[in-house]
Amino acid sequence: MSEHILEIRHLSKAFGSHAVLKDIDFTVDKGDVTSIIGASGSGKSTLLRCINLLETLTTGEILYHGQDVTKGKINASAYRAKVGMVFQNFNLFNNLTVLANCMIGQQKVAKVAKEEARQRAIYYLNKVGMAPYINARPDQISGGQKQRVAIARALAMEPEVLLFDEPTSALDPEMVGEVLDVMKSLAKDRMTMLVVTHEMAFARDVSTHVVYMADGVIEEEGEPAKIFSNPESLRTREFLKRILNA
Amino acid sequence: MIGQLFTDIGSLWNKYSSVYLTGILNTLILAVTATLIGCIIGFFCGILQTIPYSPKDNIVKRILLKLIRVIIRVYVEVFRGTPMILQAVFIYYGLPYFFGVSFKDVWTVSIIVVSINTGAYMAESVRGGIMSIDPGQFEGAKAIGMNHWQTMLYIVLPQTLRNIMPQIGNNYIINVKDTSVMFIIGFSDFFAVHKMVSGAVFKYFPSAFMEMGGYLFLTLVSSFLLRKFEKKLAGKPNYELVNADQLVMSAGNYNFPNEAGSPFEEKSKEYEGEGK
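Residues numbered from 1 in each chain as written. Chains lettered and ligands numbered in written order. Predicted model: local features only at pLDDT ≥ 70, side-chain atom pairs only at ≥ 80, totals over all residues. Heavy atoms only, no water.

## Things to note about the interface of chain A and chain B
Counting residues at the interface gives 46 residues for chain A and 41 residues for chain B. Here chain A meets chain B over a buried area of about 3,800 Å², counting both sides, of which 58% is carbon and sulfur. It is Phe93, Asn95 and Tyr123 of chain A that lose the most area in chain A upon contact with chain B, and together they represent 15% of the buried surface on that side. Here chain A is connected to chain B by one salt bridge. (Contact = heavy atoms within 4.5 Å. Buried area = accessible area lost by both parts, 1.4 Å probe. Salt bridge = Lys/Arg side-chain N within 4 Å of Asp/Glu carboxyl O.)

Next up, the structure:
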């Protein structure tokens, strides 16, 4: 059927009478690293939360390998297990160690045996450079470390797509780099990613596709080189001028 | 005078020590059992009350959940809003109307009354405890595919238990003391022993003195143990870094279960030639 992993069609979302997203259309293919950029309040995070079904859409559909996941035909939990999410505030489980954080989803959702879950968790923790910390609890490690563990937790589910909701926005400046490095290595390994970000360097240099959102609509999208050097829309140009000169 | 007091206590103890000790034991058994059952009731009600529902859910589910909330609300308000001593009398004399006189068992009634009382308070504590958990914890669990029950069981309730441990301790200590009102239906707890003994030998103050000391001892020991347990729940203050080499070894032995491979294709084109 469809080649696309995710296909968003005519997605709209309103909170009461306030329309946050208006008729969004776009697709995610295997290996895409899509950066969603735009001013605060433009609906970027809401879009990502809709894709992971943390918000219910007002209208529209989300096709996962051609199947609509918003109508309840596909089990929401099973779908979420295949579409991982990394949050701005990490959302690591406070009652579990770093290792257990990366194992619990595999064991309870994917029904992976304990020893295998452990091996897999350590494998991914090693990838993000957090393997030595397996016995620590989330409140004992720094923000950058927490975010790397959160990435490992999502990876341990072996998802097809990974959604990042402003993964570096809650971090101290000196910790942004370590998280971005992990994301770059993921991009290099052809992980399919959808990243809401304010890190323009990441959007320009790492992603394969850039989506600029303004006021709940996709104002412009395309290859990063084109968006950053020669944007068609006046709004895109002004946004980029403002943010790159800041 | 002090000397007289201790002489009196001595003679009371010589004669009635086994009665006092049995009283203490009964008090402890009732307080511990009722607190445990009360906690179970409380967690049960707290969990039922916090099942989320939205206007989009089907009508049966919504009505059912609404009904559950109303029933729990009524339960909490009734048992929190009436004196336990009265509830004891009410149930003790009320049950025979429905189950015949054979149900007039003091132990059963005492455990029921104190448990449902504790449960009423705990229901609110647990509800508050669940509401105080960061919504991010729920979202984090949802995002890796957990359903509501898995989220509650593995993520939210362990954190809730830790947060409301002080309230559980509070309830337990209140129970140690307040089970004394069960003398009204003839339960022979520590306080009932005082009524009996002092009535027999007219040594009210020495007996009351012993009771005060006894209750204080029970609650202080309980406080100490509860603190220990809280510390244990909080986990170790330190963690040890694990030797990275061992981890790399074990990680290297791991085979990807799925054909598609991981996002980190070790067998990707770059390495393809080297393996063969």
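Next, the rest of the story.
## A look at the environment of Leu63 of chain A
All names here are of chain A. By secondary structure assignment, the location of Leu63 is in strand β4 (residues 59-64). Here Leu63 falls in the buried class, since its relative accessible area comes to 7%. Put simply, Leu63 and Glu7 are 56 residues apart on the chain and 4.9 Å apart in space, counted from C-alpha to C-alpha. With near-sequence residues (within four places) excluded, Leu63 lies in contact with Ile5, Leu6, Glu7, Arg9 and Asp68. (Helix = DSSP H or I, 4+ residues; strand = E, 2+ residues; numbered from the N terminus. Buried < 20%, exposed > 50% of the residue type's maximum accessible area, 1.4 Å probe, protein only.)

## Digging into the environment of Leu36 of chain B
Residue and element names in this part refer to chain B. Summarising the element assignment, Leu36 is placed in helix α1 (residues 2-49). Relative accessible area serves as the criterion here: at 54%, Leu36 is assigned to the exposed category. For Leu36 and Thr118, which are 82 residues apart along the polypeptide, the C-alpha to C-alpha distance reads 9.0 Å.

## So, the pairing of strand β1 (residues 6-15) of chain A
Residue and element names in this part refer to chain A. For β1 and strand β2 (residues 18-28), the ladder comprises seven bridges, and the chain directions are antiparallel. Opposite Ile8, over in β2, you have Phe26 as the bridge partner. Count of turn residues in the β1/β2 antiparallel hairpin: two residues, of which Gly16 carries a positive phi of about 65 degrees. Pairing between β1 and β4: five bridges, direction antiparallel. Residue pairing across strands places Ser12 opposite Thr59, the latter belonging to β4. (Pairing = 2+ DSSP bridges.)

## A few points about the sheet that holds β2 of chain A
Residue and element names in this part refer to chain A. Sheet architecture is open: four strands sit in the order β2-β1-β4-β5, paired in antiparallel fashion. Only two strands of the sheet have a single partner each, and these edge strands are β2 and β5 (67-68). Inspection of the sheet shows β4 paired to β5 by two bridges, in the antiparallel sense. Paired with Tyr64 across the strands is Gln67, a residue of β5.

## What to know about the packing of helix α7 (residues 190-201) of chain B against helix α8 (residues 204-234) of chain B
All names here are of chain B. For the pair α7 and α8, the least separation of the axes is 9 Å and the interaxial angle reads 165 degrees. Taken together, the axes of α7 and α8 are roughly antiparallel relative to one another. Regarding α7 and α8, the two cross each other, and that crossing is right-handed. Residue-level inspection shows Phe190, Phe191, His194, Ser198 and Gly199 of α7 in contact with α8, the latter providing Tyr204, Ser207, Ala208, Met210, Glu211, Gly214 and Tyr215. Of the residues contributing to the contact of α7 with α8, the split by class is six nonpolar, five polar and one charged. (Axes fitted to C-alpha atoms, helices over the stretch in contact; angles between N-to-C directions. Parallel < 35°, antiparallel > 145°, perpendicular 65-115°, else oblique. Left-handed = near helix turned anticlockwise from the far one by under 90°. Nonpolar A, V, L, I, M, F, W, Y, C, P; charged D, E, K, R; others polar.)

## Examining the confidence of the model for chain B
All names here are of chain B. For chain B, the average pLDDT comes to 85, and 86% of its residues sit at 70 or higher. Across residues 255-276 the pLDDT falls below 50, and counting only partners more than four positions away or on other chains, this stretch makes 26 contacts in the model. Across the interfaces of the predicted complex, the ipTM metric reaches 0.90, alongside a pTM of 0.83. (pLDDT = per-residue confidence, 0-100.)

## Describing the nonpolar core
Residues and elements named next belong to chain A. Leu125, Val149, Ile151, Phe164, Met183, Leu186 and Met193 are the most contacted members of the largest nonpolar core, which totals 46 residues. Elements with a contribution of two residues or more to this core: α3 (98-108), α4 (114-127), α5 (143-156), β7 (161-165), α6 (173-188) and β8 (192-196). Filtering out sequence-adjacent residues up to four positions away, Leu125 remains in contact with Val98, Leu99, Cys102, Met130, Ala131, Ile134, Val149 and Ala152. Counting 32 residues, the second-largest nonpolar core is a separate cluster that includes Leu11, Leu48, Val83 and Val196. (Core = buried A, V, L, I, M, F, W, Y, C linked by side-chain atoms within 4.5 Å.)

## Focus: the packing of α1 of chain B against helix α2 (residues 59-80) of chain B
Residue and element names in this part refer to chain B. Packing of α1 against α2 brings their axes to within 9 Å, and their N-to-C directions diverge by 140 degrees. If you check the angle between α1 and α2, you find them oblique. Crossing geometry of α1 relative to α2 is assigned as left-handed. Here Ile41, Cys45, Leu48 and Gln49 of α1 lie close against α2, whose contacting residues are Ile68, Arg69, Ile72, Arg73 and Tyr75. For the contact of α1 with α2, a count of residues per class yields six nonpolar, one polar and two charged.

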